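Analysis of the macromolecular model
As a plain string of letters, each chain reads:
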Number of protein chains: 2
Amino acid sequence: MIPLGGLGEFGMNCMALRWQDDIIVIDAGLMFPEEELLGVDIVVPDISYLTENRSKVKAILLTHGHEDHIGGLPWILSELNVPVYGTEFTLALVEGKLDEHRLLDDADLIEMLPGKRFQIGPFTIQPIRVTHSLVDCVALAIHTPVGTVLHTGDFKIDLAPPDGKAFDLQAFADLGKDGGILALLQDSTNVDRPGWTPGEKAVRPRLDEIFGQTKKKLFFSCFSSSITRIGLAFELAQKHGRKVAVVGRSMDNATEIAQDLGYLKVPQGLVIQPGQMRDFPAEKLLVMISGTQGEPMSALSRAAVNNHKFAKIESGDTVLMSSRVIPGNEKAIYRVIDHLERRDANVIHDDGTNGLIHVSGHGSQEELKLIINLVQPKFVVPVHGDYRHLKRHAELAMATSVPQKAVLAEDGDVLEFTKDSVTKNGKITIGRICIDSGGSIDVVEDVVIRDRKHLSEDGIVLPIIAINKATGRAEGTPEIVFRGFAMDDAQLIAEARAITQRTLESSSPEEKQDYGVIKEKIRNDLKRFIQKSTSRRPLIMPVILEI
Amino acid sequence: MIPLGGLGEFGMNCMALRWQDDIIVIDAGLMFPEEELLGVDIVVPDISYLTENRSKVKAILLTHGHEDHIGGLPWILSELNVPVYGTEFTLALVEGKLDEHRLLDDADLIEMLPGKRFQIGPFTIQPIRVTHSLVDCVALAIHTPVGTVLHTGDFKIDLAPPDGKAFDLQAFADLGKDGGILALLQDSTNVDRPGWTPGEKAVRPRLDEIFGQTKKKLFFSCFSSSITRIGLAFELAQKHGRKVAVVGRSMDNATEIAQDLGYLKVPQGLVIQPGQMRDFPAEKLLVMISGTQGEPMSALSRAAVNNHKFAKIESGDTVLMSSRVIPGNEKAIYRVIDHLERRDANVIHDDGTNGLIHVSGHGSQEELKLIINLVQPKFVVPVHGDYRHLKRHAELAMATSVPQKAVLAEDGDVLEFTKDSVTKNGKITIGRICIDSGGSIDVVEDVVIRDRKHLSEDGIVLPIIAINKATGRAEGTPEIVFRGFAMDDAQLIAEARAITQRTLESSSPEEKQDYGVIKEKIRNDLKRFIQKSTSRRPLIMPVILEI
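Things to note about the overall build of chain A
The number of helices and strands found in chain A is 16 helices and 28 strands. Against the 2.2 N^0.38 benchmark of 24 Å for 547 residues, chain A shows a C-alpha radius of gyration of 24 Å, consistent with a compact globule. The dimensions of chain A, computed from C-alpha atoms along their principal axes, are 70 × 60 × 40 Å. Residues counted as buried form 61% of the 547 residues belonging to chain A. By sequence separation, contacts in chain A at least 24 residues apart represent 71% of the contacts at least 6 residues apart. For chain A, the exposed area adds up to about 20200 Å²; of that, 47% sits on carbon and sulfur atoms. The average position of the 62 basic charges and that of the 76 acidic charges among the side chains of chain A differ by 2 Å.

Quick look at the relation of the copies chain B and chain A
Superposing chain B onto chain A takes a rotation of 180° combined with a translation of 0.1 Å along the rotation axis, leaving an RMSD of 0.1 Å. The superposition of one copy onto the other is thereby described by a two-fold rotation axis.

A word on the interface of chain B and chain A
At the interface, 51 residues of chain B touch 50 residues of chain A. Of the roughly 4700 Å² buried where chain B meets chain A, counting both sides, 53% is carbon and sulfur surface. At the junction of chain B with chain A, the criterion picks out twelve salt bridges. In this structure, A:Arg388 and B:Asp338 form a salt bridge, with 3.1 Å as the shortest nitrogen-oxygen distance.

Here's the deal with the sheet that holds strand β13 (residues 218-221) of chain B
All names here are of chain B. Pairing within the open sheet is parallel, and its six strands lie in the order β15-β14-β16-β13-β17-β18. Of all the strands in the sheet, the pair left with one neighbour each is β15 (271-272) and β18 (346-348). In terms of strand pairing, β13 meets strand β16 (residues 285-289) through three bridges, oriented parallel. By the bridge assignment, Phe 220 is partnered in β16 with Met 288. Along the sheet face, helix α6 (residues 204-213) touches β13, β16, β17 (318-321) and β18 and points at about 155° away from the line of β13.

Thoughts on the side chain of B:Asp386
Looking at the element boundaries, B:Asp386 is found in the loop between β19 (379-383) and α12 (387-399). With sequence-adjacent residues up to four places away left out, B:Asp386 is seen in contact with A:Asp338, B:Gly8, B:Glu9 and B:Phe10.

Thoughts on the packing of aromatic side chains
All names here are of chain A. Considering all chains together, one arrives at 14 aromatic pairs over all chains under this definition. Consider the rings of Phe 89 and Tyr 263, whose centres lie 5.2 Å apart with planes at 70°: the pair is edge-to-face. Linking Phe 89 in helix α4 (residues 88-100) with Tyr 263 in the loop between α8 (249-260) and β15 (271-272), this pair joins segments that are 174 residues apart in sequence. Owing to a relative accessible area of 1%, Phe 89 belongs among the buried residues under this scheme. On the basis of an interplanar angle of 25° and a centroid distance of 5.0 Å, the ring pair of Phe 167 and Phe 172 is categorised as stacked. Side by side, Phe 167 and Phe 172 carry an identical accessibility label, which is buried. Through pairs of rings, three or more aromatic residues link up here, namely Phe 155, Phe 167 and Phe 172.

Considerations on the layout of surface pockets
Taking a probe equal in size to a water molecule and rolling it over the atoms shows the remaining empty space. Residues and elements named next belong to chain B. Here the second largest pocket defines a volume of roughly 460 Å³. For the second largest pocket, the lining is made up of 20 residues, of which Pro 162, Thr 228, Gly 231, Leu 232 and Glu 235 are closest to its centre. Looking at the lining of the second largest pocket residue by residue, the classes come out as nine nonpolar, four polar and seven charged.

Side note on helix α16 (residues 515-534) of chain B
Between the first and last C-alpha of α16(B) there are 27 Å, a value that for 20 residues agrees with the 28 Å anticipated at 1.5 Å per step. Just downstream of α16(B) lies B:Ser535, where phi reads positive at about 65°.

Here's the deal with the pattern of salt bridges
Tallied over the entire structure, the rule returns 56 salt bridges over all chains. Between A:Lys58 and A:Asp22 there is a salt bridge, with its nearest N and O atoms 2.6 Å apart. With A:Lys58 in strand β5 (residues 57-61) and A:Asp22 in strand β3 (residues 22-26), this residue pair connects regions lying 36 residues apart in the sequence. With a closest N to O distance of 3.9 Å, B:Arg249 and B:Glu100 form a salt bridge. In this pair, B:Arg249 sits in helix α8 (residues 249-260) while B:Glu100 sits in helix α4 (residues 88-100), placing the two residues 149 residues apart along the sequence.

A closer look at the sheet that holds strand β17 (residues 318-321) of chain A
All names here are of chain A. The parallel open sheet is built from six strands, whose spatial order is β15-β14-β16-β13-β17-β18. A single partner strand is all that each edge strand has here, and the edge strands are β15 and β18 (346-348). Sheet analysis places β17 next to β18, joined by three bridges and oriented parallel. Paired with Val 319 across the two strands is Val 347, which belongs to β18. In the packing of α8 onto the sheet, the strands contacted are β13 (218-221), β14 (243-247) and β16 (285-289), and the crossing angle to β14 comes to about 120°.

Quick look at unusual backbone geometry
Residue and element names in this part refer to chain A. The backbone of Gln 376 sits at a positive phi, close to 50°, despite the residue not being glycine. The residue Gln 376 is located in the loop between α11 (365-375) and β19 (379-383) in this model. A positive phi angle, near 60°, is found at Ser 535, a position not held by glycine. Mapped onto the secondary structure, Ser 535 falls in the loop between α16 (515-534) and β27 (539-540).

Section: the environment of B:Arg343
Residue and element names in this part refer to chain B. As for its position among the elements, Arg 343 is in the loop between α10 (330-342) and β18. Taking the C-alpha atoms as reference points, Arg 343 and Ile 24, 319 residues apart in sequence, are found 52 Å from one another. Leaving out residues up to four positions away in the same chain, Arg 343 has contacts with Ala 303, Ala 304, Val 305, Asn 306, Ile 313, Glu 314, Ser 315 and Glu 510. Separated by 2.7 Å, the side chains of Arg 343 and Glu 510 make a polar contact.

Rules of the game
Residues numbered from 1 in each chain as written. Chains lettered and ligands numbered in written order. Predicted model: local features only at pLDDT ≥ 70, side-chain atom pairs only at ≥ 80, totals over all residues. Heavy atoms only, no water. Helix = DSSP H or I, 4+ residues; strand = E, 2+ residues; numbered from the N terminus. Rg over C-alpha atoms; globule rule 2.2 N^0.38 Å. Buried < 20%, exposed > 50% of the residue type's maximum accessible area, 1.4 Å probe, protein only. Contact = heavy atoms within 4.5 Å. Areas by Shrake-Rupley, 256 points an atom, 1.4 Å probe, with all protein chains shown as cover. Lys, Arg positive; Asp, Glu negative; His and termini not counted. Charge placed at Lys NZ, Arg CZ, Asp CG, Glu CD. Least-squares fit on C-alpha atoms with pLDDT ≥ 70 in both. Buried area = accessible area lost by both parts, 1.4 Å probe. Salt bridge = Lys/Arg side-chain N within 4 Å of Asp/Glu carboxyl O. Pairing = 2+ DSSP bridges. Axes fitted to C-alpha atoms, helices over the stretch in contact; angles between N-to-C directions. Phe/Tyr/Trp six-rings, centres within 6.5 Å; stacked < 30°, edge-to-face > 60°. 1 Å grid on protein atoms, 1.4 Å probe; cavity = no way out; pocket = protein on both sides within 12 Å on 5 of 7 lines; lining within 4 Å. Points joined across faces, edges and corners; volume = space filled by probe spheres on them. Nonpolar A, V, L, I, M, F, W, Y, C, P; charged D, E, K, R; others polar. Expected span 1.5 Å × (residues − 1). Polar contact = N/O pair within 3.5 Å; in protein donor to acceptor, adjacent residues only side chain to side chain.

See below:
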């Protein structure tokens, strides 16, 4: 068992299992970059271990469709084209993603059904239905020559899931019979939370109340993959007589796929086009909008600085953020909230004072302990978390007195199992690949994502811009430093400077005061220009000089 | 009334009051820069309004000694030398600060005593004792020709303060007689918290318990200005038979000043030198250590990556962080905690599951309402907070039905008061000045801090370093870009490169994996080298290329 990502960080989950000459991979996730990684869109695990054992890799198995479990697929498949197994909804999300990168035609996507076993070399795979904040999620019981390995994927135990598809407790209990399983790989996300995570339906009363009290426009933001949450918002809109406009690319995509597959049932006439909003009075509108994490180019971030074509947030409107603050995004989110408050919107977010407007999709301590008790593992390997979460989870597992041992492993550790033992045996090459996914968000690229190492060989461009924070004015002309190419090309430099200047001039003072937004705009515009005029795709890292 | 800082952000608190040709200034704080502001040590308010009205500025009045209230003084005094009023402890902190910048000899520091009124032009100043997480704090009642303005400073209402110096409720109540005061300027920090903030003594039982349970070395970290918290740790060390070593510059300074002034009573023989730690068994040691906020160069950050000369954190040691996470510092703090967990230390921090190990120094909603009820203001002007805090505070104030009006003002707004009205009358120039305080942390500079605008005129240096996150190795040789000077000086560039290379080589993989730390080290070393060889002090902004 070799973790390639997700053990020692949140995101880019990826785990390899090997028996002699067969390797299977569980999940292929991405991670969003830290602020320090200027010029990068996404981060994925280094898969050298897999490419060096290319002929042995037989399949990638997906537990569910969240980005931290499937987002690295385009990158991995472009290096290593193997069959990909997933449930119907997961594969639908994967299809869209691969299509964007022109990888769909060559991909071999195979649907798996919860409860239905299948064989890959020496491994018998048994997908088991679990509940989570997304639909159609599974845990994977993998029966191997030395025993059964159970990977929970992401889960909570929702005893009344909105889609009526129950967490398969019986299958878990069956695994625990006759001495139990060899190893449990379990989600550590909420290991710090005592008790049980509330079910998804628990948010209904408070959201219903907010829908009932809102006088003017209601903007509703949640993770775009939270199909049941979106479904609930649609249902409440219908109940309270509001038409629904969907704004933002990710929200748009997710609702479309969910409708196509029947996960989202939308009454005729409920949804209107964003352009039609002006035909309805404010109190008759619900705007579903992407951007709960303060992503600089998201619809909500742009609406907050009054720079969205359709989503106009006005005094007295309500913005309901039915989501949590992902650690690290605090500043970006609070910047958006401050902008919204300045527009005199009523912002309702999950700060502990607004009632139950969001529930987590991850199991708390009692749920983790219940699974351990159900499946009776000899060994527990905590997955999905920073080092401290894995450590806490190992302590929690040992306190149940079920496992012989909880194994604190990190990315790259090689864990060798026999029927009754586990040893750490060396370390493989691991790492994070920083990727520039190419192009602006509106353009589908025919070039596949390329990693940072290659990009830096294409040179580096540093636009240096002086901004006055108080006024939101750019001062002087931007400086552009080219390294690795075009260093003496006065004309190119002058043009790049002019492009940057234009981007600055076309941006509002509020956008320029929000460095995340202005950096991203400059990066997108310069990227397009440099690619067109030089065919190069350098790393572009804007530097803001606040003066 | 003209707010120059702190209304619309946390930090750099600064408020001007003007009556005809007399201006007084309340507080002169700094703010720590956002991550985006590479190459900057501190941020202070733009004081153009004061320098343009130089002859009218009569005094700076300090409410207490926290950095966000006094940290901008060196900068302001170097531009505008006026008398500074503060309580004994506050002035002691100011003295140290001014001495460092060689500004002390020219400074005019005047002690104020709680309860003792004094006159500055048309203003009668009445300092009133309040309680907070620091000692010797005051609110300022300023009696003006149109009525009394009360600035609370930072406060909570601690009804049993450890130093026995009570919050002067009577003085507040007196202000509320006969129609009450004109305007209340009140601290918004905790406006989101319902109820009352617990008193400082509330942490004692749980800390005592932790001291009692700890088997090996105990590392104790808190804000270095929290003198009473430090005093409590010393007391518990004495009780539980541990010697105390103080590690880290800020912790060292604060304890020294507090002892000199009698705020901290240390039994003979309790404190040992850091170098003596090796002479005592682990279970007999308490290490007071700076760095609760994950500051990259702090003692705790360095100890966490095993790079501190004296503070060695070993398996089974306990690290107790008796402080809160200041918003924006989450990532840095959790990085330090992860490093500590990897050393197998037992980390106890304020995540809600560890009992009452920290209490806030700022009043909650009921305390804010109590003050409003006591002083009966006609107008409430919320201060100290992001826009959303000020807005929430205004709503809270209006809900008490005491004030005629809560005024939502931001930095730069000019508020004109009569005896019974307030109007916003224009906006003055405001802004944030980004300052490089010069030199490494060990060297006292004779050059005064200089602002970013001037620095950028001295040129910009961008060291570009490629680091492999997984291994912590730097790949290739660093690139150095000079702008504004020495652009073609091949020798200087080669030397700068060699310096950077040396810094990288002398840093541990853990330090290189922590970009905050490695950036700061490179910046310090390059700064020293460039200053020595060119006498210039350019902006130095390291760029990390993760590969």
